[in-house]
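What the coordinates show
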Amino acid sequence: DAKTTQPPSMDCAEGRAANLPCNHSTISGNEYVYWYRQIHSQGPQYIIHGLKNNETNEMASLIITEDRKSSTLILPHATLRDTAVYYCIVRVAVAGNMLTFGGGTRLMVKP
Amino acid sequence: EAGVAQSPRYKIIEKRQSVAFWCNPISGHATLYWYQQILGQGPKLLIQFQNNGVVDDSQLPKDRFSAERLKGVDSTLKIQPAKLEDSAVYLCASSPMVGSSEQYFGPGTRLTVT
């Protein structure tokens, strides 16, 4: 699986959009970009994934650059409950394929 | 739908003692994973099962760690003897064999070795 680079920490004001970047310059053509988050004292939680088109669900939006070397996870209206560590992972989207976690970005949403 | 269950949630033991963790995956999920998460780091895969067979245990310290999934459902992870550096959260996750590529995680067991 390709390696990813994320900033170690970010702050965001409550109610504003949180934009979390991820670099994955060595991504292969068949690898998807996945985002998980881990709230304190909980297991990681799946957020969203995509291949090359932008994706949106009830939790977030995922913007992938045209060359697929970087992406941004957008939480449109961050709340205090979104304070967590966010992990960007690139992997082949095959059921049963393992996840390789990096250090992630610690997002702190402030009132 | 019930999530991944793990027990105990917390465990404190002395070094050289043994400990076991239990995981019950989501019903129908054929693939089960155990991850180790040291404080301040992302989770690291220890072992992956598909049904009751091992798919990947390359990161499992086999001199002290063992895991089994005898009937292809529940799983146990054991450490014997424990070392101070085994202090971590042990996460269990499951995923279906076909279809969704997402993994669903349990709340984890926090192990402290003193």
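Residues numbered from 1 in each chain as written. Chains lettered and ligands numbered in written order. Predicted model: local features only at pLDDT ≥ 70, side-chain atom pairs only at ≥ 80, totals over all residues. Heavy atoms only, no water.

The next point concerns the overall build of chain B. A count of helical and extended segments in chain B gives zero helices and eleven strands. Of the regular secondary structure in chain B, the N- to C-terminal order runs β-β-β-β-β-β-β-β-β-β-β. The C-alpha atoms of chain B give 13 Å as radius of gyration, which agrees with the globular expectation for 114 residues (13 Å, within 12%). With the C-alpha coordinates of chain B rotated into their principal frame, the extents come out at 40 × 25 × 25 Å. When each of the 114 residues of chain B is scored for burial, the buried share is 46%. Once local pairs closer than 6 in sequence are excluded, the contacts in chain B between residues at least 24 apart make up 53%. When the accessible area of chain B is evaluated, it comes to approximately 5,600 Å², of which 51% is carbon and sulfur surface. Mean positive and mean negative side-chain charge positions of chain B (12 and 10 charges, respectively) differ by 6 Å. (Helix = DSSP H or I, 4+ residues; strand = E, 2+ residues; numbered from the N terminus. Rg over C-alpha atoms; globule rule 2.2 N^0.38 Å. Buried < 20%, exposed > 50% of the residue type's maximum accessible area, 1.4 Å probe, protein only. Contact = heavy atoms within 4.5 Å. Areas by Shrake-Rupley, 256 points an atom, 1.4 Å probe, with all protein chains shown as cover. Lys, Arg positive; Asp, Glu negative; His and termini not counted. Charge placed at Lys NZ, Arg CZ, Asp CG, Glu CD.)

What follows deals with the sheet that holds strand 1 (residues 9-13) of chain A. Residues and elements named next belong to chain A. With respect to topology, five strands assemble into an open sheet ordered 1-9-8-3-4, the strand pairing being mixed. Only two strands of the sheet have a single partner each, and these edge strands are strand 1 and strand 4 (45-50). Neighbouring strand axes in the sheet, compared pairwise and without regard to direction, differ in orientation by 25° on average. The sheet contact formed by strand 3 (residues 31-38) and strand 8 (residues 84-92) spans eight bridges and is antiparallel. Across the sheet, Tyr-32 pairs through a bridge with Arg-91, a residue of strand 8. (Pairing = 2+ DSSP bridges. Axes fitted to C-alpha atoms, helices over the stretch in contact; angles between N-to-C directions.)

Bringing the interface of chain B and chain A into the picture now. Listed per partner, the contact involves 24 residues of chain B and 20 residues of chain A. Between chain B and chain A lies a buried interface of about 1,500 Å² when both sides are counted; carbon and sulfur atoms form 49% of it. Interface area lost by chain B to chain A is led by Ser-101, Glu-102 and Phe-105 of chain B, which between them contribute 32%. Counting every contact that joins chain B to chain A gives zero salt bridges. For the pair chain B and chain A, the interface holds four residue pairs in polar contact (both at pLDDT 80 or more). Put simply, the parts of the chain that give the side of chain B that touches chain A at least two residues each are strand 4 (31-37), strand 5 (44-50) and strand 9 (88-95) of chain B. Here the residues of the side of chain B that touches chain A are counted per class, giving ten nonpolar, eleven polar and three charged. (Buried area = accessible area lost by both parts, 1.4 Å probe. Salt bridge = Lys/Arg side-chain N within 4 Å of Asp/Glu carboxyl O. Polar contact = N/O pair within 3.5 Å; in protein donor to acceptor, adjacent residues only side chain to side chain. Nonpolar A, V, L, I, M, F, W, Y, C, P; charged D, E, K, R; others polar.)

Tallied over the entire structure, the rule returns two disulfides over all chains. Note on cysteine connectivity: Cys-22 of chain A is disulfide-linked to Cys-88 of chain A, with sulfurs 2.1 Å apart. Linking Cys-22 of chain A and Cys-88 of chain A, the disulfide has an S-S dihedral of approximately -80° and is accordingly described as left-handed. Remark: Cys-88 of chain A occurs in strand 8 and Cys-22 of chain A occurs in strand 2 (residues 18-23); sequence separation between them is 66 residues. Of the two residues examined, Cys-22 of chain A and Cys-88 of chain A, each falls in the buried class. A sulfur-sulfur separation of 1.9 Å characterises the disulfide bridge that pairs Cys-23 of chain B with Cys-92 of chain B. Note on the Cys-23 of chain B and Cys-92 of chain B pair: the S-S dihedral is about -70°, so by sign convention the disulfide is left-handed. Highlighted residues: Cys-23 of chain B in strand 3 (residues 19-24) and Cys-92 of chain B in strand 9, separated in sequence by 69 residues. (Disulfide = S-S within 2.5 Å.)

A word on the layout of surface pockets. By volume, the largest pocket amounts to about 620 Å³. Together, 33 residues line the largest pocket, and Gln-38, His-40 and Arg-106 of chain A together with Gln-37 and Leu-39 of chain B are the ones closest to its centre. Of all the elements in the fold, those that place two or more residues in the lining of the largest pocket are strand 8 and strand 9 (105-110) of chain A together with strand 9 and strand 11 (109-113) of chain B. A breakdown of the residues in the lining of the largest pocket according to their chemical character gives 15 nonpolar, 15 polar and three charged. (1 Å grid on protein atoms, 1.4 Å probe; cavity = no way out; pocket = protein on both sides within 12 Å on 5 of 7 lines; lining within 4 Å. Points joined across faces, edges and corners; volume = space filled by probe spheres on them.)

Don't take any of this as a statement about function, it's just geometry.
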